[in-house]
Amino acid sequence: MSSIRPEELDDRLDGGDAPFVLDIRPRSAFERTAIDGSHNVSVYDDLRGGDDAALRAHFDEIPRGEDVVVVCKMGVVAKRATGVLDAAGYDAATLTGGISGWNGYRKDSIGYRIRSLIWDLKSAL
């Protein structure tokens with residue numbers, strides 16, 4: 001299963017290679033803060049409870065043939081969604097750290113810098 005870090009996604013969104021960003025969080029959370037241009041399919045609670053069918057019911061809203069980046073709060077439930085999409089033939093990736101990671105990256109927070117360092121160390125091992 002694939003993942004993408006916030007800075008990589010930001011580069012792709014700024015360049016000519018923008019993926020379809022699928023935010024699975026509840027609508028109210030999406031309305032408070034979201035990645036510009038992202039699309040909300042509010043299936044977070046269903047997936048968290050083990051109901052993959054909730055996401056499958058929205059496949060017609062997710063374009064095939066495009067890269068899909070899945071976003072949730074911290075990235076954990078998005079991994080489940082990414083697995084469902086991968087199994088259905090989508091080219092999907094999870095946004096590492098979720099919207100929290102994205103917001104930390106955009107604010108250049110110390111917490112994000114520490115997490116990023118940890119991710120770098122893990123990938124080096």
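What this report covers is the structure whose coordinates are included nearby. What you see is a predicted model; the values in this text were computed from it and never measured.

### Looking at helix 5 (residues 76–87)
Spanning 12 residues, helix 5 covers 17 Å between terminal C-alpha atoms, matching the ideal 16 Å at 1.5 Å per step. Considered for burial, the residues of helix 5 that qualify are Val77, Ala78, Ala81, Thr82, Val84 and Leu85. Seen along its axis, helix 5 keeps its buried residues to an arc of 160°; they face one direction. Across from the buried face of helix 5, at angles greater than 90 degrees, the exposed residues are Val76 and Ala87.

### Some points on the packing of aromatic side chains
Scanning the model with the defined rule gives 3 aromatic pairs in all. When the centroid spacing of 5.7 Å and the interplanar angle of 65° are considered together, the rings of tyrosine 105 and tyrosine 112 count as edge-to-face. Taken together, the aromatic side chains of Trp102, Tyr105 and Tyr112 make up a single cluster linked through ring pairs.

### A few points about the nonpolar core
Core analysis: the largest hydrophobic core is formed by 21 residues, its most contacted members being Leu22, Ile24, Leu55, Ile62, Val68 and Leu85. When contributions to this core are tallied by element, the ones reaching two or more residues are strand 2 (20–23), helix 3 (44–48), helix 4 (53–56), strand 4 (67–71) and helix 5. In terms of residue count, the dominant contributor to this core is helix 5 (5 residues). In this structure, Leu9, Val21, Ile99 and Trp102 belong to the second largest nonpolar core, which totals 10 residues.

### With respect to the pattern of salt bridges
A complete count under the given rule lists 10 salt bridges for this structure. Across the pair arginine 5 and glutamate 7 runs a salt bridge, and its minimum N-O distance is 3.0 Å. Taking the shortest distance from any N to any O, the salt bridge between arginine 80 and aspartate 52 comes out at 2.8 Å. Here aspartate 52 lies in the loop between helix 3 and helix 4 and arginine 80 lies in helix 5, a separation of 28 residues in the sequence. Given a relative accessible area of 37%, arginine 80 falls into the partly exposed group.

### Looking at helix 7 (residues 110–124)
With 15 residues, helix 7 extends 21 Å from end C-alpha to end C-alpha; this agrees with the ideal 21 Å at 1.5 Å per step. Residues Tyr112, Ser116 and Trp119 constitute the buried set of helix 7. Angular distribution of buried residues about the axis of helix 7 spans 60°; they occupy a single face of the element. Away from its buried face, by an angle of more than 90 degrees, helix 7 presents the exposed residues Ile110, Leu117, Leu121 and Ala124.

Basis of the calculations
Residues numbered from 1 in each chain as written. Predicted model: local features only at pLDDT ≥ 70, side-chain atom pairs only at ≥ 80, totals over all residues. Heavy atoms only, no water. Helix = DSSP H or I, 4+ residues; strand = E, 2+ residues; numbered from the N terminus. Expected span 1.5 Å × (residues − 1). Buried < 20%, exposed > 50% of the residue type's maximum accessible area, 1.4 Å probe, protein only. Arc of directions from axis to C-beta. Phe/Tyr/Trp six-rings, centres within 6.5 Å; stacked < 30°, edge-to-face > 60°. Core = buried A, V, L, I, M, F, W, Y, C linked by side-chain atoms within 4.5 Å. Salt bridge = Lys/Arg side-chain N within 4 Å of Asp/Glu carboxyl O.

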